[in-house]
Amino acid sequence: MSVLAVGFPDGESDRIVCDAGSYAASTDQSLIVAHIVPESSFARRQQSYAAFDTWDGEYSLTQAQDRAALIARTVATEALRGMSVAYRCVGRIGSLQREIQRLAREYDCEHLFMPRLRRPWYRRFSSDPLDVLSRSFSGPITTRPVSSSSLPE
């Protein structure tokens, strides 16, 4: 069994990853730290690279996942400093809900730690990723509020 922590390079996610690390260490489980990049952000980055005349390659899905995994590693390194816990960092591209569900199945995660977005009043009428996850994830979900302005688009 594993614990899944979703982190963003926002300075606020360190606390949720630290909480997940403490929980994983106390229950003798491995920790998966993930950074998930929305498909729209990936597409924008592809377009921006294509606009460079000197760029003769492409920004591939594998490159984007590797970059996201590096971000997860950066968050984990900061948040888990001094903590004795085994962890793995992964990067994914896609919908937050879908990728969390996939990671939870892939790594047999029994507990999810993730930031809870502080949603502006006008977005409170659309579906909340946490509501969708709570209906599909069978284990406990621990959240901490973060400002939506600090998260990737």
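Residues numbered from 1 in each chain as written. Predicted model: local features only at pLDDT ≥ 70, side-chain atom pairs only at ≥ 80, totals over all residues. Heavy atoms only, no water.

**Some words on the overall build of the protein**
Move 1: A tally of helices and strands in the protein yields five helices and five strands.
Move 2: The N-to-C order of helical and strand elements in the protein reads β-α-β-α-α-β-α-β-α-β.
Move 3: Counting the 153 residues in the protein, one finds 42% classified as buried.
Move 4: Taking the intrachain contacts of the protein between residues at least 6 apart in sequence as the baseline, contacts between residues at least 24 apart amount to 74%.
Move 5: For the protein, the exposed surface amounts to about 8600 Å²; the carbon and sulfur share of it is 49%. (Helix = DSSP H or I, 4+ residues; strand = E, 2+ residues; numbered from the N terminus. Buried < 20%, exposed > 50% of the residue type's maximum accessible area, 1.4 Å probe, protein only. Contact = heavy atoms within 4.5 Å. Areas by Shrake-Rupley, 256 points an atom, 1.4 Å probe, with all protein chains shown as cover.)

**Here's the deal with the pairing of strand β3 (residues 87-93)**
Move 1: Of all seven residues that make up β3, five are buried, and the element is covered over most of its length.
Move 2: Examined bridge by bridge, strand β2 (residues 30-37) and β3 share seven bridges and lie parallel to one another. Note on β3: the bridge partner recorded for His35 is Gly91. (Pairing = 2+ DSSP bridges.)

**A look at the side chain of Ser2**
Move 1: Along the polypeptide, Ser2 turns up in strand β1 (residues 2-6).
Move 2: In terms of polar contacts, Ser2 uses its side chain to reach the side chain of Ser30, at 2.9 Å. (Polar contact = N/O pair within 3.5 Å; in protein donor to acceptor, adjacent residues only side chain to side chain.)

**As for helix α1 (residues 13-26)**
Move 1: Its 14 residues give α1 an end-to-end C-alpha distance of 20 Å, which sits within 8% of 20 Å, the value for a rise of 1.5 Å per residue.
Move 2: Looking at α1, one finds that the buried residues are Ser13, Ile16, Val17, Ala20, Gly21 and Ala24. Viewed end-on, α1 has its buried residues packed into an arc of 140 degrees, placing them on one side of the element. Across α1 from its buried face, at more than 90 degrees, point the exposed residues Arg15 and Ser26. (Expected span 1.5 Å × (residues − 1). Arc of directions from axis to C-beta.)

**Some thoughts on the confidence of the model for the protein**
Move 1: Summarising the model, the protein shows a mean pLDDT of 82, and 80% of its residues fall at 70 or more.
Move 2: No element of the protein has a lower mean pLDDT than helix α5 (residues 129-136), at 67, and none a higher one than β3, at 96.
Move 3: Residue range residues 148-153 is modelled with pLDDT below 50. Its contacts to residues more than four positions away, or to other chains, number 14 contacts. (pLDDT = per-residue confidence, 0-100.)

**A short note on helix α3 (residues 61-79)**
Move 1: With 19 residues, α3 should cover 27 Å at 1.5 Å per step; its first-to-last C-alpha distance of 27 Å lies within 8% of that length.
Move 2: For α3, every residue scored as buried is listed here: Ala64, Ala68, Ala69, Ile71, Ala72, Val75, Ala76 and Ala79. Projection of α3 onto a plane perpendicular to its axis shows the buried side chains occupying an angular sector of 155 degrees, all on one side. Facing away from the buried side of α3 by over 90 degrees, the exposed positions are Thr62, Leu70 and Thr74.
Move 3: Among the structural elements, α1, β2, α2 (39-50) and β3 are those in contact with the buried residues of α3.

**Considering the packing of aromatic side chains**
Move 1: On inspection of all chains with the given rule, the structure shows two aromatic pairs.
Move 2: Arranged with centres 5.7 Å apart and planes meeting at 50 degrees, the rings of Tyr23 and Phe113 form a pair that is tilted. Taken together, the residues Tyr23 in helix α1 and Phe113 in strand β4 (residues 109-118) connect sequence positions 90 residues apart.
Move 3: Accessibility expressed as a relative area gives 4% for Phe113, which makes it buried.
Move 4: Between the aromatic rings of Phe42 and Tyr59, the centroid separation amounts to 5.9 Å while the plane-to-plane angle is 40 degrees, which identifies the pairing as tilted. Of this pair, Phe42 sits in helix α2 while Tyr59 sits in the loop between α2 and α3; the two residues are 17 residues apart in sequence, bridging distant segments of the chain.
Move 5: Exposure remark for Phe42: the relative accessible area of 13% places this residue in the buried category. (Phe/Tyr/Trp six-rings, centres within 6.5 Å; stacked < 30°, edge-to-face > 60°.)

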